[in-house]
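Each chain, letter by letter, is given below.
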Amino acid sequence: MATATQPAPDSAPPDNAVPEGEALEPESNLIKDLIVGVATQSWLASMAFHMALMVFLALVMGTIHVVNKIAGPEFEVVQDDTADIEAIEQFEVGYTPLDPTELTTETLTLEAPAVEAQFNDNSPIFEEAGGGIVGGDSSFGGLGGITVASTSLGPVLKGGGGVDAGAGFGKNLGTGGAGMGFGSRGSGMRDAMLGSGGTKQSERAVAAALNWIARHQNRDGSWSLKHTTNCKGGFCSGPGEAQSEGAATALALLPFLAAGQTHQSEGPYMRNIGAGLNALIKGQKPTGDLSNGGSQMYSHGLATIALCEAYGMTKDSRLGFAAQAAINFIESGQNREGAWRYSHGSDDSDTSVFGWQVMALKSGQMAGLKVNPNSFNQSRKYLNSVARGNYKSEFSYTPGGGTTFTMTSVGLLTSQYLGAKRDDPVIVGGVEYLMKRKPDLNQRNTYYWYYATQVMHNCPGPQWDDWNRTMRRILIESQEKSGCAAGSWDPNKPDPDPWANQGGRLMVTSFCCLTLEVYYRYLPLYKIDDPDRELKKAN
């Protein structure tokens with residue numbers, strides 16, 4: 001505001017002098033403006049001070065969470081978001097009719113899908129990964145895989161792309177084709193997979209199992225085989241005795257991944273999965289070891305499978321780096337016999353540990369990671385050393401030992417993934433052998449069921465149908481239906497599981513859930529390998 005000033009003698013008038021003829025503002029207005037100006041400045045200073053104070057307190061109290069960006073091109077993994085994981089409400093299992101499978105993001109939260117499931121791959125001609133069209137113009141699928149609608153199972157899953165196993169020529173995702181690796185976990189093959197054995201009741205059991213697993217997660221994102229500290233509103237019996245957060249976290253994550261749920265999918269367990277993956281990576285040693293506890297190679301193999309599957313489904317580069325390091329650790333620990341045992345680089349071997357490592361290597365290969373072909377060659381050598389019988393279709397725990405149903409199931413599945421064909425005597429004879437020990441609740445062995453069900457699923461036909469009907473009924477009927485344990489399987493009732501003491505309720509629940517997810521976790525292996533797999537047009 002201008003004020004009147006008397007110029008000094010013999011000097012120029014100041015800049016703010018009032019020109020002659022202009023009246024001065026009243027003194028009251030000058031005082032008023034002065035007061036308003038000072039008050040405004042004070043208010044602004046006060047506001048700035050209080051805002052700075054609030055930001056400081058928020059950072060100290062932990063109400064603001066800083067998200068660390070990853071090098072991954074598509075997703076930012078939250079480094080410490082466990083405080084933001086919403087409480088999971090208990091799932092009421094109940095009973096539903098035996099209808100075709102419909103596990104979706106919506107059904108995981110007991111909400112009916114807004115629209116019916118959309119099937120994107122009903123063309124009479126079967127296309128390889130990345131087939132179909134891109135923008136309606138090209139039959140080359142670019143990144144490949146399948147497009148999953150909002151009501152479908154999980155996120156957009158990417159196959160290998162293009163024609164056969166090539167990289168593809170388009171720039172966009174394909175809308176047709178089967179996808180590669182983990183592509184069957186979306187809706188692209190849903191129509192073709194309806195007859196593979198799943199029902200609404202089995203999918204409801206899966207949804208309940210995922211709910212139980214999520215409710216028993218540790219605050220740091222990991223899981224423990226001793227799950228009881230996370231029981232809420234009740235108590236779940238049967239904690240495991242083994243100390244391995246790496247194995248427990250992997251066992252918890254695998255059923256979510258099998259259902260098509262990832263840290264990128266907008267499902268109810270997105271944060272649970274992201275926190276679990278973070279926990280695995282945080283526990284990884286510079287050597288690549290993911291075990292984070294006892295039973296080193298058991299735990300590491302399971303954790304590697306989880307990371308490889310998550311990477312294969314999302315292509316999150318941060319997961320890819322950790323998964324590749326884990327694959328390298330497995331390869332460096334393979335011994336002269338072509339196998340592994342409890343500790344890295346052990347000179348002796350057993351088929352149980354061997355199975356998890358081969359499956360981890362295969363998962364890495366399916367995810368597009370680098371896997372040394374010689375690792376598979378050495379693995380075939382070990383399998384031959386534990387194979388028994390006229391057709392080498394029964395397997396022992398160690399070289400020179402006696403055969404068992406459990407080790408035979410492991411040997412057969414690894415044989416399938418190492419290249420044995422459907423009509424090979426080892427597979428034909430092995431399936432006949434497994435059918436002598438069909439699922440029986442009075443002879444419960446979820447570890448055996450987990451492996452054997454995958455072997456049988458890879459061989460579609462009457463034997464698979466017989467096995468599946470029995471297996472599915474046992475798992476659905478024996479699942480806990482009420483209380484904090486709802487959705488899980490009791491490791492000690494009605495008949496103790498051989499893994500009850502070591503793995504407890506979490507391991508048994510994981511194996512049971514994965515067994516019910518076999519219909520879409522992987523495509524039947526011999527359907528993948530069949531060179532004449534094009535669906536023929538009706539005559």
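A brief report on the enclosed structure follows. Since the model is a prediction, treat every value here as computed from it, not as a measurement. (Residues numbered from 1 in each chain as written. Predicted model: local features only at pLDDT ≥ 70, side-chain atom pairs only at ≥ 80, totals over all residues. Heavy atoms only, no water.)

### Describing the overall build of the protein
Next up, step 1: Of regular secondary structure, the protein possesses 16 helices and two strands.
Next up, step 2: Across the 539 residues of the protein, 52% fall into the buried class.
Next up, step 3: Accessible surface, the protein: about 24,500 Å² in total, of which carbon and sulfur atoms supply 55%. (Helix = DSSP H or I, 4+ residues; strand = E, 2+ residues; numbered from the N terminus. Buried < 20%, exposed > 50% of the residue type's maximum accessible area, 1.4 Å probe, protein only. Areas by Shrake-Rupley, 256 points an atom, 1.4 Å probe, with all protein chains shown as cover.)

### Re the side chain of Lys362
Next up, step 1: Its place among the elements puts Lys362 in helix H8 (residues 351-366).
Next up, step 2: In this structure Lys362 comes out as buried when scored by relative accessible area, which is 18%.

### A word on the pattern of salt bridges
Note that side chains of opposite charge can pair when their charged atoms are close.
Next up, step 1: Across all of its chains, the model carries eight salt bridges by this definition.
Next up, step 2: With a closest N to O distance of 3.1 Å, Asp350 and Arg341 form a salt bridge. For the residue pair Asp350 and Arg341, the accessibility class agrees, reading buried in each case.
Next up, step 3: One salt bridge in this structure joins Lys438 and Asp466, with 3.1 Å as the shortest N-O distance. Of this pair, Lys438 sits in the loop between helix H11 (425-434) and helix H12 (446-457) while Asp466 sits in helix H13 (residues 462-478), and the two are 28 residues apart along the sequence.
Next up, step 4: For Asp466, a relative accessible area of 30% gives the class partly exposed.
Next up, step 5: Connected via shared salt-bridge partners are Arg341, Asp348 and Asp350. (Salt bridge = Lys/Arg side-chain N within 4 Å of Asp/Glu carboxyl O.)

### Let's talk about the nonpolar core
Next up, step 1: One finds Leu307, Trp340, Trp356, Leu434 and Trp467 to be the most contacted residues of the largest nonpolar core, which totals 109 residues.
Next up, step 2: The biggest single contributor to this core is helix H6 (residues 296-314), with 11 residues. (Core = buried A, V, L, I, M, F, W, Y, C linked by side-chain atoms within 4.5 Å.)

### Comments concerning H12
Next up, step 1: Between its terminal C-alpha atoms H12 stretches 16 Å, which fits the 16 Å expected from 12 residues at 1.5 Å a residue.
Next up, step 2: Burial analysis of H12 places 12 of its 12 residues in the buried class, which makes it a mostly covered element.
Next up, step 3: Listing the buried residues of H12 in full gives Thr446, Tyr447, Tyr448, Trp449, Tyr450, Tyr451, Ala452, Thr453, Gln454, Val455, Met456 and His457.
Next up, step 4: Lining the buried residues of H12 we find H8, helix H10 (405-417), H11, H13, helix H14 (500-516) and helix H15 (518-521). (Expected span 1.5 Å × (residues − 1). Contact = heavy atoms within 4.5 Å.)

### Some thoughts on the packing of helix H7 (residues 317-333) against H8
Next up, step 1: Their axes nearest at 10 Å, the elements H7 and H8 cross at an angle of 140°. For the element pair H7 / H8, the angle class is oblique. Handedness of the crossing formed by H7 with H8: left-handed. Contacts between H7 and H8 involve Ile327, Ile330 and Glu331 on the former and, on the latter, Gln357, Ala360, Leu361 and Gly364.
Next up, step 2: Residues that form the contact of H7 with H8 fall into these classes: four nonpolar, two polar and one charged. (Axes fitted to C-alpha atoms, helices over the stretch in contact; angles between N-to-C directions. Parallel < 35°, antiparallel > 145°, perpendicular 65-115°, else oblique. Left-handed = near helix turned anticlockwise from the far one by under 90°. Nonpolar A, V, L, I, M, F, W, Y, C, P; charged D, E, K, R; others polar.)

### Let's talk about the environment of Ala259
Next up, step 1: Assignment of secondary structure puts Ala259 in the loop between helix H4 (245-258) and helix H5 (270-282).
Next up, step 2: Residue classification places Ala259 among the buried residues on the basis of a relative accessible area of 0%.
Next up, step 3: Put simply, Ala259 and Cys513 are 254 residues apart on the chain and 9.8 Å apart in space, counted from C-alpha to C-alpha.

### What about the packing of aromatic side chains?
The description of an aromatic ring pair rests on the distance of the ring centres and on the angle between the ring planes.
Next up, step 1: Throughout the structure, instances matching the rule amount to 19 aromatic pairs.
Next up, step 2: Residues Trp223 and Phe256 carry aromatic rings whose centres are separated by 6.5 Å and whose planes lie at 35° to one another, so their mutual orientation is tilted. You can see Trp223 sitting in the loop between helix H3 (200-215) and H4 and its partner Phe256 sitting in helix H4, a full 33 residues away along the chain. Here Trp223 and Phe256 have matching classes, each one buried.
Next up, step 3: An aromatic cluster is present here, built from Tyr298, Tyr342, Trp356, Tyr447, Tyr450, Tyr451, Trp499 and Phe511 joined pairwise through their rings. (Phe/Tyr/Trp six-rings, centres within 6.5 Å; stacked < 30°, edge-to-face > 60°.)

### Thoughts on unusual backbone geometry
Next up, step 1: Cis geometry marks the peptide bond from Lys493 to Pro494, where omega comes out at 0°.
Next up, step 2: Tracing the backbone through its elements, the reader meets Pro494 in the loop between H13 and H14.
Next up, step 3: With a phi angle near 60°, Lys315 is a residue other than glycine that sits in the positive phi range.
Next up, step 4: Position of Lys315 relative to the elements: it lies in the loop between H6 and H7.
Next up, step 5: Although it is not a glycine, Lys392 adopts a positive phi angle of roughly 55°.
Next up, step 6: Relative to the helices and strands, Lys392 resides in the loop between strand E1 (387-388) and strand E2 (394-395).

### Concerning empty space enclosed by the protein
Next up, step 1: Taken as a whole, this structure holds three cavities of 30 Å³ or more when the rule is applied.
Next up, step 2: Considering only enclosed or pocket space, the largest cavity measures out at about 60 Å³ in volume.
Next up, step 3: Around the largest cavity, the lining residues are Leu413, Tyr417, Gln454, His457, Asn458, Val518, Arg521 and Tyr522.
Next up, step 4: For the lining of the largest cavity, the elements supplying multiple residues, two or more each, are H10, H12 and H15.
Next up, step 5: Among the residues forming the lining of the largest cavity, the class breakdown is four nonpolar, three polar and one charged.
Next up, step 6: The space that makes up the second largest cavity amounts to roughly 50 Å³. (1 Å grid on protein atoms, 1.4 Å probe; cavity = no way out; pocket = protein on both sides within 12 Å on 5 of 7 lines; lining within 4 Å. Points joined across faces, edges and corners; volume = space filled by probe spheres on them.)

### Structural notes on the packing of H4 against H5
The description of two helices packed together rests on the angle between their axes and the distance between the axes.
Next up, step 1: Where H4 meets H5, the axes come as close as 10 Å, and the angle between the chain directions of the two elements is 145°. As H4 runs across H5, the sense of the crossing is left-handed. Across the interface between the two elements, Gly246, Thr249, Leu253 and Phe256 from H4 touch Ile273, Gly276, Leu277 and Leu280 from H5.
Next up, step 2: Taken together, the residues of the contact of H4 with H5 sort by class into five nonpolar, three polar and no charged.

### Digging into the environment of Ser349
Next up, step 1: As for its placement among the helices and strands, Ser349 is situated in the loop between H7 and H8.
Next up, step 2: C-alpha separation for the pair Ser349 and Asn335, spaced 14 residues apart in sequence, amounts to 8.0 Å.
Next up, step 3: With residues near it in sequence (within four places) discarded, Ser349 still touches Asn335, Glu337, Ala339, Trp340, Arg341, Tyr382, Thr398 and Pro399.
Next up, step 4: In this structure the side chain of Ser349 is engaged in a polar contact, spanning 3.0 Å, whose partner is the side chain of Asn335.
Next up, step 5: At 2.4 Å, the side chain of Ser349 and the side chain of Glu337 are in polar contact. (Polar contact = N/O pair within 3.5 Å; in protein donor to acceptor, adjacent residues only side chain to side chain.)

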